[in-house]
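Residue-level listing of the chains:
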2 protein chains.
Amino acid sequence: MDCFAVTYRLAAGAPAEAEELAAAIALEDTVEIPRDVVPTGYVEDVVLGRVLGLEQVGDGVWHARIGYHVDAVGRELPQLVNVILGNASILRGVRAIDLAPDAELRARFPGARFGAEGLRALTGRKTGGYLCPVVKPQGSSSETLARFCYLTARAGADIVKEDHGLANQDAAPFRERVAIAAAAVARANAERADAGDSTRALYFASIGGHGDQVRDLACYARDAGAGGVLLMPGLFGFDAMNRLAQDADFDLPVMAHPSHLGPYVLSPDQGYGHGMLFGQMMRLAGADISVFPNHGGRFGFSPEECAEIASACRSGAGIGRAILPSPGGGMSPDRLPDMRAQYGSDCVYLLGGSLLREGEEVGAAIRACRAALDGDD
Amino acid sequence: MDCFAVTYRLAAGAPAEAEELAAAIALEDTVEIPRDVVPTGYVEDVVLGRVLGLEQVGDGVWHARIGYHVDAVGRELPQLVNVILGNASILRGVRAIDLAPDAELRARFPGARFGAEGLRALTGRKTGGYLCPVVKPQGSSSETLARFCYLTARAGADIVKEDHGLANQDAAPFRERVAIAAAAVARANAERADAGDSTRALYFASIGGHGDQVRDLACYARDAGAGGVLLMPGLFGFDAMNRLAQDADFDLPVMAHPSHLGPYVLSPDQGYGHGMLFGQMMRLAGADISVFPNHGGRFGFSPEECAEIASACRSGAGIGRAILPSPGGGMSPDRLPDMRAQYGSDCVYLLGGSLLREGEEVGAAIRACRAALDGDD
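All of these numbers come straight from a predicted model, not from anything done at the bench. (Residues numbered from 1 in each chain as written. Chains lettered and ligands numbered in written order. Predicted model: local features only at pLDDT ≥ 70, side-chain atom pairs only at ≥ 80, totals over all residues. Heavy atoms only, no water.)

(A) Spatial organisation of the interface of chain B and chain A. Taken together, the contact between chain B and chain A spans 78 residues of the former and 78 residues of the latter. Approximately 6600 Å² of surface area, both sides summed, lies buried where chain B meets chain A, with 53% of it carried by carbon and sulfur atoms. Among the residues chain B hides against chain A, the three largest losses belong to B:Ile90, B:His260 and B:Leu266. Together they make up 11% of the total. Our count for the contact surface shared by chain B and chain A stands at twelve salt bridges. Two residues, A:Asp170 and B:Arg75, come together in a salt bridge whose shortest N-O distance is 3.3 Å. For the pair chain B and chain A, the interface holds 50 residue pairs in polar contact (both at pLDDT 80 or more). Of all the secondary structure elements, the ones that give two or more residues to the side of chain B that touches chain A are α2 (42-47), α3 (77-85), α9 (233-236), α10 (238-246), α11 (263-266) and β10 (271-272) of chain B. Ranked by residues supplied to the side of chain B that touches chain A, first place goes to α3(B) with six residues. (Contact = heavy atoms within 4.5 Å. Buried area = accessible area lost by both parts, 1.4 Å probe. Salt bridge = Lys/Arg side-chain N within 4 Å of Asp/Glu carboxyl O. Polar contact = N/O pair within 3.5 Å; in protein donor to acceptor, adjacent residues only side chain to side chain. Helix = DSSP H or I, 4+ residues; strand = E, 2+ residues; numbered from the N terminus.)

(B) Looking closely at the packing of helix α3 (residues 77-85) of chain A against helix α12 (residues 274-284) of chain A. Residues and elements named next belong to chain A. Here α3 crosses α12 at 145°, and the two axes come no closer than 12 Å. Of the two elements, α3 crosses α12, and the hand of that crossing is right-handed. Here Leu77, Leu80, Val81 and Ile84 of α3 come into contact with α12, specifically with Met276, Met281 and Leu284. (Axes fitted to C-alpha atoms, helices over the stretch in contact; angles between N-to-C directions. Left-handed = near helix turned anticlockwise from the far one by under 90°.)

(C) Broad picture of the pattern of salt bridges. According to the stated counting rule, one finds 44 salt bridges over all chains in the structure shown. Note that B:Arg177 is salt-bridged to B:Glu162, the shortest N-O span being 2.8 Å. Of the two residues, B:Arg177 is situated in helix α7 (residues 174-194) and B:Glu162 in strand β6 (residues 159-162); the sequence distance between them amounts to 15 residues. Both residues of the pair, B:Arg177 and B:Glu162, count as buried. Bridged by salt links that share partners, the residues A:Glu28, A:Glu32, B:Lys136 and B:Arg298 form one connected network. (Buried < 20%, exposed > 50% of the residue type's maximum accessible area, 1.4 Å probe, protein only.)

(D) Expanded view of the domain arrangement of chain A. Residue and element names in this part refer to chain A. The domain boundaries assigned to chain A delineate domain 1 (4-108) and domain 2 (115-374). Computed from C-alpha coordinates alone, the two centres of domain 1 and domain 2 are separated by 33 Å. Taken residue by residue, the interface counts 22 residues in domain 1 and 22 residues in domain 2. Across the domain 1 to domain 2 interface the summed buried area is about 1700 Å²; carbon plus sulfur atoms make up 55%. It is Leu77, Arg95 and Leu99 in domain 1 that bury the most area against domain 2; as a group they hold 37% of the surface buried on that side. (Domains from an automatic or database assignment.)

(E) Layout of the side chain of A:Arg283. Residues and elements named next belong to chain A. Tracing the sequence through the fold places Arg283 in helix α12. Lacking a salt bridge, the buried Arg283 has Asp288 as its closest oppositely charged neighbour, with an N-O distance of 9.8 Å. Within the structure, Arg283 has its side chain in polar contact with the backbone oxygen of Ser315 (distance 2.8 Å). In this structure, Arg283 is in contact with Gly111, Ala112, Ala312, Cys313, Arg314, Ser315, Gly318, Ile319, Gly320, Arg321, Ala322 and Ile323, ignoring residues within four places of it in sequence. (Lys, Arg positive; Asp, Glu negative; His and termini not counted.)

(F) Representation of unusual backbone geometry in the model. A cis amide bond, omega 0°, links A:Lys136 with the succeeding residue A:Pro137. With respect to the helices, strands and loops of the structure, A:Pro137 is situated in the loop between β5 (130-135) and α6 (142-154). Phi at A:Glu32 takes a positive value of approximately 55°, unusual for a residue other than glycine. Position of A:Glu32 among the secondary structure elements: in the loop between α1 (15-28) and α2 (42-47). Notably, B:His260 is not glycine yet its phi reads approximately 75°, a positive angle. As for its placement among the helices and strands, B:His260 is situated in the loop between β9 (254-256) and α11.

(G) View of the environment of B:Ala226. All names here are of chain B. Residue placement: Ala226 occurs in the loop between α8 (214-224) and β8 (228-231). With 40 residues separating them along the chain, Ala226 and Ala186 place their C-alpha atoms 8.8 Å apart. Beyond its immediate sequence surroundings of up to four residues, Ala226 is in contact with Ala182, Tyr203, Ala221 and Leu252.

(H) Inspection of the sheet that holds strand β4 (residues 94-100) of chain A at higher detail. Residues and elements named next belong to chain A. Across the sheet, five strands lie side by side as β2-β3-β1-β4-β10; this open sheet has mixed pairing. Two strands lie at the open edges of the sheet, namely β2 (50-58) and β10 (271-272), each paired on one side alone. Pairing geometry for strand β1 (residues 4-11) and strand β3 (residues 61-68), over eight bridges, is antiparallel. What sits directly across from Tyr8, in β3, is Ala64. With respect to the sheet, α3 is in contact with β1, β3, β4 and β10, its orientation differing from that of β1 by roughly 40°. (Pairing = 2+ DSSP bridges.)

(I) How the structure looks around the environment of A:Ala121. Mapped onto the fold, A:Ala121 is located in helix α5 (residues 115-123). Considered as a pair, A:Ala121 and A:Thr199 are 78 residues apart in the sequence and their alpha carbons are 9.3 Å apart.

(J) Representation of the state of the cysteines. Residue and element names in this part refer to chain A. Per the stated rule, a full pass over the model turns up zero disulfides over all chains. The structure places no disulfide on Cys132, whose sulfur is separated from the nearest cysteine sulfur, that of Cys347, by 10 Å. Since its relative accessible area comes to 0%, Cys132 is described here as buried. (Disulfide = S-S within 2.5 Å.)

(K) Examining helix α14 (residues 336-343) of chain A more closely. Residue and element names in this part refer to chain A. When α14 is considered as a whole, its buried residues turn out to be Leu336, Met339 and Tyr343. Buried residues along α14 cover an arc of 60° about the axis, so they all sit on one side. Structural note: α14 exposes Asp338 and Ala341 on the side pointing more than 90 degrees away from its buried face. Where the residues of α14 are buried, they touch β5, β11 (289-293), α13 (303-314), β12 (324-328), β13 (348-351) and α15 (362-374). Gly344 sits one or two positions beyond α14 and adopts a positive phi of about 70°. (Arc of directions from axis to C-beta.)

(L) Fine view of the UniProt feature "domain: Ribulose bisphosphate carboxylase large subunit C-terminal" (unreviewed entry) in chain A. In the UniProt entry, the feature "domain: Ribulose bisphosphate carboxylase large subunit C-terminal" (unreviewed entry) is given for residues 130-288 of chain A. Structurally, residues 130-288 of chain A comprises 46% helix and 15% strand, and the distance from its first C-alpha atom to its last is 13 Å. (UniProt positions renumbered as here; feature names shortened; annotations may be inferred.)

(M) Focus on the pairing of strand β7 (residues 202-206) of chain B. All names here are of chain B. The element β7 is extensively covered by neighbouring structure, given that five of its five residues are classed as buried. Of the two faces of β7, the one holding Leu202, Phe204 and Ser206 and the one holding Tyr203 and Ala205 are both buried throughout. Summarising the sheet, β6 and β7 pair through three bridges and their orientation is parallel. Residue pairing for β7: Val160 is matched across the bridge by Tyr203. Crossover handedness for the path β6 to α7 to β7: right-handed. With three bridges connecting them, β7 and β8 associate as parallel partners. The residue of β8 that forms the bridge with Phe204 is Gly228. Following the chain from β7 across α8 to the adjacent parallel β8, one finds a crossover that is right-handed. (Right-handed = clockwise from strand over helix to strand, strands pointing away.)

This is the structure we're talking about:
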């Protein structure tokens, strides 16, 4: 029978314990009843998850591969997440580390609208990594934030992304801020075009508001001239992002921010593997760009975990189009050569708060970053 | 200056390390820039989080109390969650364990519509715990599920709750299932009333669909006769639940299910304390009933963690009305006397898959549970 498969890392001692845990996941994430009362026929044969494989991979560590039929899902992402790691997220020692979609899952959840390739066309940047200054801090006026947008866009930024903490506060309400910032980036792009530049900056507005307003706010941003939106699946749900990505009337790329998602990866025994969460799940949910904290910054991801994320964003085996990893979290311009060596060209390089030290001279810093990223300095 | 406060448990060695981590949280969850570039004036004085207190409470364990101004939040719950544990969720060794709201936060986020007291009026149950069979498994037809609803409601169940895995699958599509199940419970209630019973069963429909359809589906369920809705904040976001709870045109209680939330509590060093997540955060997000896995069932919560949850659901210091804890996760009727001793009357006692063993005789099991819960068997 056709099914998609999720591989879980199990922390378990004896083989019997691992077998029991694997069987528990298969029950828990589908029928959620004791095995002996699972109705025969359709429920047992199709809906119930099935253990496809179980192997010991280390001391007290097992990999269990569990198959699920799309009938247990339906066509909405919340229930797919339920099946992948709903109640099983509460079982001790269960960590989802790989999603292997079947054709039917791919058909129901096609993934990113643009992906890595699409971003080349949207920005006009034919080669090289993308430079992405982050607009902050919250509490600043819309005009102050827009000035930063203009200066960095004018100097050659590929994406000008709002901080995820810019929501809808009184200091810079969403609609006011987005209109002013989008206009500032449009002015910078017009000047770049006049100067013969074939690339342009995309302004990504941080969606600030209620979950049920995401589409309206995203469309408002688009109509105001934004080139993309930033969304936090850890706050709005993965489905909110996917709904935008699959909306026939919406046509901008979506950047996913990891806010509130830390606990899903920080314990080795629970949650998701780094590559699965920031690569596979983000692709499943339609992100074109997946932000994550780079190693060596303010957060504690390892180089290997970051490599796993980049690989999952790009793998041909994932859902839909390959997408762009976007390492950030306290990266400064002097880190760029090292980062380029690790992540290469299909990558959105975030530049954070350290840029604020430059004030009105931030354009010079952006140009220096561009040179560092292109390796010709 | 007025502020609300979040207490974090820090895993840190030396005092300097704890101080650094506390300061990092205050920055990370508000301005997200290095301390030396925080603009003076409004941003530094009001928006920036401030460390209100830091004390060592054990070997390598500290409590940091951080104050935030509502200006850093605005009026939407996603940004409040961002401030409470957004990027800080990715910092190693940071666990939010207490929310102390100020008057302004209480005004913006008033909490549950009904709470524990309101459920007494809605069900007509003046004293004693609430008995809540769970309708499952997914894959069953709408008619099969409705039959279970009828039998358990007729026998005296207070709440008949759909399993969170009943979403919108082909076997029992949401709208079809909810209409048939609500009618079945209405019939049982009519028969109870005819028999002189002053209590009634509330049918809680599991919201299956997309995040942006939550309100429409909830209103559909209400119009079909449902007495409440089940929602998973781990899939739809806390804001989706709060929007229903604050919607002037919606008037049913909301039950929160913990699916996908496990990683937020399972590591002692990350996420949320049990009481904060399943008590304080659920109250903040407007839940009237908070489901969590009881100790001794399929999941690994301890008796102390469960007591912490019940206490946070009921504390006078929490947001809005006291709400009902709802322990479940593999509870069987023979556990009820013990559970009653722990949780008392203001509690929704979930009865899971073991009821399916009773088939058409499930009514007798419900009556036995009622007797066990009332202590007169």
